[in-house]
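Structure at a glance
Spelled out from the first residue to the last, the chains are:
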Amino acid sequence: RGGARLAEQLNPHTKMGARTLAALAEEPWDYVVLQEMSHGPLTTRKAFLRNVGRLCERIREEGAEPVLFATWAYRRDSRWLADLGMSYEEMAQGLYEAYHEAAARNDALIADVGQAFLERAETMDLYAEDGQHPNEAGSRLAAETIAAVIRADQEEKRVATTIDVDPNLNRNDIRLRVLYMYR
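Parameters at a glance
- Residues numbered from 1 in each chain as written.
- Predicted model: local features only at pLDDT ≥ 70, side-chain atom pairs only at ≥ 80, totals over all residues.
- Heavy atoms only, no water.
- Helix = DSSP H or I, 4+ residues; strand = E, 2+ residues; numbered from the N terminus.
- Expected span 1.5 Å × (residues − 1).
- Buried < 20%, exposed > 50% of the residue type's maximum accessible area, 1.4 Å probe, protein only.
- Arc of directions from axis to C-beta.
- Contact = heavy atoms within 4.5 Å.
- Lys, Arg positive; Asp, Glu negative; His and termini not counted.
- Salt bridge = Lys/Arg side-chain N within 4 Å of Asp/Glu carboxyl O.
- Pairing = 2+ DSSP bridges.
- Axes fitted to C-alpha atoms, helices over the stretch in contact; angles between N-to-C directions.
- Phe/Tyr/Trp six-rings, centres within 6.5 Å; stacked < 30°, edge-to-face > 60°.
- Lys NZ or Arg CZ within 6 Å of the ring centre and 35° of its normal.

Let's talk about helix α2 (residues 15-26)
Here α2 is 12 residues long and its end C-alpha atoms lie 16 Å apart, about the 16 Å a rise of 1.5 Å per residue gives. Turning to α2, its buried residues are G17, T20, L21 and L24. Taken end-on, α2 shows its buried residues confined to a sector of 90°, consistent with a single buried face. In α2, the exposed positions angled more than 90 degrees off the buried face are occupied by K15, R19 and E26. Structurally, α2 contributes buried residues whose contacts are with α1 (6-10), β1 (31-34) and α4 (45-61).

If you want it as structure tokens, here you go:
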């Protein structure tokens, strides 16, 4: 089934929502990746931003870090772009803006797969025949982009510990000041 909306993930009365909410509550997660239906951030931006906020809050309540999977524009000159009444550049820019706004509002990580597609679309075949979905190369690029964001976040969060010993302390004073450095 395609075209799922983030709002469905929040609805306990739908099969998808019930499964999502149960998984968040019952399983340990370090990261939860969120992706809206392809054109949702453009056609229903207010709902997209509201639902990203609600999901990010819920994800953090469960001790995990939200990652926004910023999607790509449909293949240049596809019928899907024509149906939306947009050019490739307009769709790419609109998705970029919507996902980055959502990430900034919610202090969420962003895996900007859409930007990765944009940078490679002229030199790589990234789309399945339908012009909407990724082919194997596009899926690999998406996975690599998401993995790179998570790896970078893990590296940044590694506890950088420095031990500062006050030179005025006597030998019997074993207090140390440990600083944890987080960005």
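Here's the deal with the side chain of E36
Checked against the element boundaries, E36 lands in the loop between β1 and α3 (40-43). Within the buried core, E36 has no salt-bridge partner, and the shortest N-O distance to an opposite charge, that of R5, equals 4.4 Å. With sequence-adjacent residues up to four places away left out, E36 is seen in contact with A4, R5, L6, P41, F48, T71 and Y99.

Details of the sheet that holds strand β2 (residues 65-70)
Taken in spatial order, the three strands of this open sheet run β1-β2-β3, and their pairing is parallel. Each end of this open sheet is capped by a strand with a single partner; those strands are β1 and β3 (109-112). This sheet shows a mean twist of 25° between the axes of neighbouring strands, independent of strand direction. Of the strand pairs in this sheet, β1 and β2 are connected by four bridges, and their pairing is parallel.

Comments concerning the environment of A70
In this fold, A70 is placed in strand β2. Its relative accessible area of 1% is what places A70 among the buried residues. Placed 29 residues apart in sequence, A70 and P41 show a C-alpha to C-alpha distance of 9.5 Å. In this structure, A70 is in contact with Y99, I110, A111, D112, V113 and G114, ignoring residues within four places of it in sequence.

Quick look at the packing of aromatic side chains
The way to describe two aromatic rings as a pair is by their centre distance and the angle between their planes. Using the criterion set out here, one finds five aromatic pairs in the structure. Residues Y74 and W80 carry aromatic rings whose centres are separated by 6.5 Å and whose planes lie at 65° to one another, so their mutual orientation is edge-to-face. By relative accessible area, which is 2% here, Y74 ends up buried. Ring plane angle 80° and centroid distance 5.5 Å describe the contact between F117 and Y127, whose orientation is recorded as edge-to-face. Of this pair, F117 sits in helix α7 (residues 113-120) while Y127 sits in the loop between α7 and α8 (136-157), and the two are 10 residues apart along the sequence. Summarising the burial analysis for this pair, F117 and Y127 share the class buried. Following the ring pairs from residue to residue traces out a cluster consisting of F69, W72, F117 and Y127. Here R79 stacks its cationic end above the ring of W80, 3.8 Å away from the centre of that ring.

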